[in-house]
Amino acid sequence: MYSDASDEQLIQLHLSGDPRGMEAIYERYFDRIYRLAYSKLRSTQDAEDVTSAIFLKLCRSLDSFRGEAKFSTWIYTVANNAVMDSIRRRRPNVSLDADLRVDGGESVPREIEDDAPGPEDHVADADFARYVYSRLDALPPGQRSVIELRYFMELSYQQIADQLGVELGTVKSRLNRAIAALRSLVSAEEEVKASAFR
Amino acid sequence: MRSDEQMEAIEAGEDSAIVSALMTGATPTPEFRARLKQSFLTEAESDARRRRAYKLSILGLPRFYINLAAVGAAAALVLMAFTYGVWFRPARTLETAEEQRQSVALTEQADSGPHSVLLGPRSGARGFAPDAGDTADAVYVEYSTPLTDEVQGTLELIAAEAGGAVEPAGAGDSAGEAQAVVLVVPSDVLDHVLGRLGEAVGTAQISKPVHLNSERVTVYITFSPD
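Residues numbered from 1 in each chain as written. Chains lettered and ligands numbered in written order. Predicted model: local features only at pLDDT ≥ 70, side-chain atom pairs only at ≥ 80, totals over all residues.

Chemist: Sorry if this is basic, but what is going on with the overall build of chain A here?
Modeler: Along the backbone of chain A there are eight helices and two strands. Put simply, chain A runs from its N terminus to its C terminus through helices and strands in the order α-α-α-α-β-β-α-α-α-α. In chain A, which comprises 198 residues, the share counted as buried stands at 29%. Relative to all contacts within chain A whose residues are 6 or more apart in sequence, the contacts with residues 24 or more apart total 52%. (Helix = DSSP H or I, 4+ residues; strand = E, 2+ residues; numbered from the N terminus. Buried ≥ 20, exposed ≤ 12 C-beta atoms within 10 Å, placed from the backbone. Contact = placed C-beta atoms within 7 Å.)

Chemist: What am I meant to see in the nonpolar core here?
Modeler: What tends to happen in soluble globular proteins is that the nonpolar side chains get buried as a cluster. Counting residues in each nonpolar core, the largest one holds 50 residues, and the members touching the most others are Ala37(A), Ala79(A) and Val132(A). A per-element tally of this core places helix α2 (residues 22-41) of chain A first, with nine residues. Apart from residues lying up to four places away in sequence, Val132(A) is in contact with Leu182(A), Val186(A), Ile18(B), Ala21(B), Leu22(B) and Gly25(B). By size, the runner-up hydrophobic cluster in this structure holds 24 residues, among which are Ala138(B), Leu183(B), Val193(B) and Val219(B). (Core = buried A, V, L, I, M, F, W, Y, C linked by C-beta atoms within 7 Å.)

Chemist: Quick question: what am I supposed to make of the interface of chain A and chain B here?
Modeler: Where interface size is given, it is often the accessible area lost as the parts come together that is meant. The partner chain B presents 30 residues to the 34 residues of chain A that form the contact. Every element with two or more residues in the side of chain A that touches chain B is listed here: α1 (7-15), α2, α3 (44-61), α5 (125-135), α6 (141-152) and α8 (168-197) of chain A. Of the residues forming the side of chain A that touches chain B, the biggest block, eight residues, is contributed by α2(A). Split by residue class, the side of chain A that touches chain B holds 19 nonpolar, seven polar and eight charged. (Nonpolar A, V, L, I, M, F, W, Y, C, P; charged D, E, K, R; others polar.)

Chemist: Help me out: how do you make sense of the confidence of the model for chain A in this one?
Modeler: In low-pLDDT segments, the atomic positions of the prediction should not be examined closely. All names here are of chain A. Averaged over every residue, the pLDDT of chain A is 79; the share at 70 or more is 76%. Mean pLDDT per element in chain A: strand β1 (residues 100-101) is the minimum at 51, and α2 is the maximum at 92. Overall, residues 119-123 carries pLDDT values under 50, and its contacts beyond four positions in sequence, including any with other chains, amount to nine contacts. (pLDDT = per-residue confidence, 0-100.)

Chemist: Explanation requested: the packing of α2(A) against α3(A) in the structure shown.
Modeler: Between two packed helices, what matters for the description is the angle formed by their axes and the separation of those axes. All names here are of chain A. For the pair α2 and α3, interaxial distance at closest approach is 9 Å and the crossing angle is 135°. Taken together, the axes of α2 and α3 are oblique relative to one another. The chirality of how α2 crosses α3 is right-handed. Each of Tyr26, Ile33, Tyr34, Ala37, Tyr38 and Leu41 in α2 lies in contact with α3, whose residues at this interface are Asp46, Ala47, Val50, Thr51, Ile54 and Phe55. Its residues placed into classes, the contact of α2 with α3 shows ten nonpolar, one polar and one charged. (Axes fitted to C-alpha atoms, helices over the stretch in contact; angles between N-to-C directions. Parallel < 35°, antiparallel > 145°, perpendicular 65-115°, else oblique. Left-handed = near helix turned anticlockwise from the far one by under 90°.)

What follows is the structure, given as structure tokens:
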């Protein structure tokens, strides 16, 4: 019924006391928010928790939405903040790079277990996707933001440029470089793994 | 700069696997989607109801201002309760003409100057007088002849003709003292009364106010035989 209405029209409808437009908002943004949360948290449970918190607080948070920006960029900011809060809460105080202290005062190098699937797990698409997600942390922040806005939040190039405050050409070049970087990361891992089997 | 079409071709080309992985790699479970949707729509309904109630608040004013007005009114009531004696001080009762005259007299006495005038009843005081109808102007008529019974009768006759009356003066009963008669007559016939006195009793020294402010005039007639 409200699938053709813009985000801003749906929000105005809700602010005027009619909640019917919020179902369309949910259908539009549920996957986007979840993808964004999962890409940073890489835990299904944590992604679900953060996605729930964002949506359950969304209606009351609308008072801070003044319509100066597009709703898609506003909710991206809200979601990003919620995800970063979640990361801060769960992050241990000890650096993962620090050596472990064992009984007797000796320190041993920490072996960090990487849950991310390796190239050998690329047989299934889902596993490959999770592997690609795990490589996102290796990207510079500017390139990662473009990836998030383009493929998770599904914004147009122009909307991304507006959100980031950069030129349209900058958005496209960053996106190109980001994808190329991901491709090379995946390829390098595959070669390393393949050479190990030779 | 690459066009959007070129960008889409790149995304659909050799990098399509990565792009596809990014866009479909994280898929929430249908159970979670349905469960959160139900909670979200319930929350949205509740929030919309709250906004409707807010919109329909008194006169369409934001609730904040209504609360502010209520608090202000309550504070004013409390303040008024504490300052009852100031805001609701009993009003002065209206003074009777007699009380006012006494008050003025006391004031004039306090002045006690040699030329101060004691304003008494029927003093003939002029000027603004809210109860002027209660205060009679006074005219003083002095005769140097004695008051005889004949003159007394004449005075009663004149007073009766003028629609007034002779009132006892209460002084000068003993021989040799000045005797007084008081006539109270309507103001509009004062000149006629004074003229009749001149015709019937004789010429006298008359002292009267320039303007008359009362409906009735008190004429003090004194007889002081030298």
